[in-house]
Amino acid sequence: MTTSHTRSDPAVSPYLYYEDGDAAIDWLVRVFGCRERLRVPKPDGRFGHGEVEIGGGVVMLGSPPGFRRADRSYFGVYVHVDDVDGHVARARTEGATITDEPADKPYGERIYGALDLEGNQWWFAQPLAS
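Residues numbered from 1 in each chain as written. Predicted model: local features only at pLDDT ≥ 70, side-chain atom pairs only at ≥ 80, totals over all residues. Heavy atoms only, no water.

Q: Explain helix α1 (residues 21-32) to me, and be specific about the residues and the numbers.
A: With twelve residues, α1 should cover 16 Å at 1.5 Å per step; its first-to-last C-alpha distance of 15 Å lies within 8% of that length. When α1 is considered as a whole, its buried residues turn out to be Gly21, Ala24, Ile25 and Leu28. Seen from one end, α1 has its buried residues packed into an arc of 100 degrees, which puts them on one side. Contacts made by the buried residues of α1 are with β2 (35-41), β3 (47-54) and β4 (57-62). (Helix = DSSP H or I, 4+ residues; strand = E, 2+ residues; numbered from the N terminus. Expected span 1.5 Å × (residues − 1). Buried < 20%, exposed > 50% of the residue type's maximum accessible area, 1.4 Å probe, protein only. Arc of directions from axis to C-beta. Contact = heavy atoms within 4.5 Å.)

If you want it as structure tokens, here you go:
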């Protein structure tokens, strides 16, 4: 399944981590009535990224990050911005820990990742030009 993202997407979308993302999407669709929007496997075939729609919003799903600690639960926040490269430059200048450099993704967005002061993951994205 493919989709293109537009500025009509919510400006902020929750990003939740699941040990089994494929099962989570199936469950969210079946139990909560979400609509599957996107499912992108990693190159090795394991679950990579998914999206479901519910209540006019989008919830994104991914595998738990490698820096996850056992003593707290993790989630991510996904925010659409107008200029990812300018945004990451400012974040870096202000001392944010950049976890993922800006990159164009197969699901139609340019994104980068950063940790906030408590170690929570934030993703900043902009749609790729069509």
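Q: Account for the environment of Ala91, naming residues and giving values.
A: Examined against the element boundaries, Ala91 turns out to sit in helix α2 (residues 84-93). When neighbours within four sequence positions are excluded, Ala91 is seen to be in contact with Ala96, Ile98 and Tyr112.

Q: How would you summarise the pattern of salt bridges if you had to cite specific residues and measurements?
A: Where charged atoms from two side chains of opposite charge approach closely, those side chains can pair. Summed over the entire model, instances satisfying the criterion amount to ten salt bridges. Between Asp85 and Arg110 there is a salt bridge, with its nearest N and O atoms 3.0 Å apart. Within this pair, whereas Asp85 is found in helix α2, its partner Arg110 is found in strand β7 (residues 109-115), the two being separated by 25 residues in sequence. Judged by its relative accessible area of 35%, Asp85 is partly exposed. On the basis of relative accessibility, which here comes to 21%, the residue Arg110 falls in the partly exposed class. Through salt bridges with shared partners, a single ionic network connects Asp22, Asp26, Glu36 and Arg39. (Salt bridge = Lys/Arg side-chain N within 4 Å of Asp/Glu carboxyl O.)

Q: Any details on the sheet that holds β4? Residues and values, ideally.
A: Spatially, the eight strands line up as an open sheet ordered β2-β3-β4-β1-β5-β8-β7-β6, and their pairing is mixed. The open sheet has two edge strands with one neighbour each: β2 and β6 (97-104). Going across the sheet, the axis of each strand differs from the next one's by a mean of 20 degrees, ignoring polarity. Pairing analysis gives five bridges linking β6 to β7, with the strands arranged antiparallel. Opposite Asp104, over in β7, you have Arg110 as the bridge partner. (Pairing = 2+ DSSP bridges. Axes fitted to C-alpha atoms, helices over the stretch in contact; angles between N-to-C directions.)

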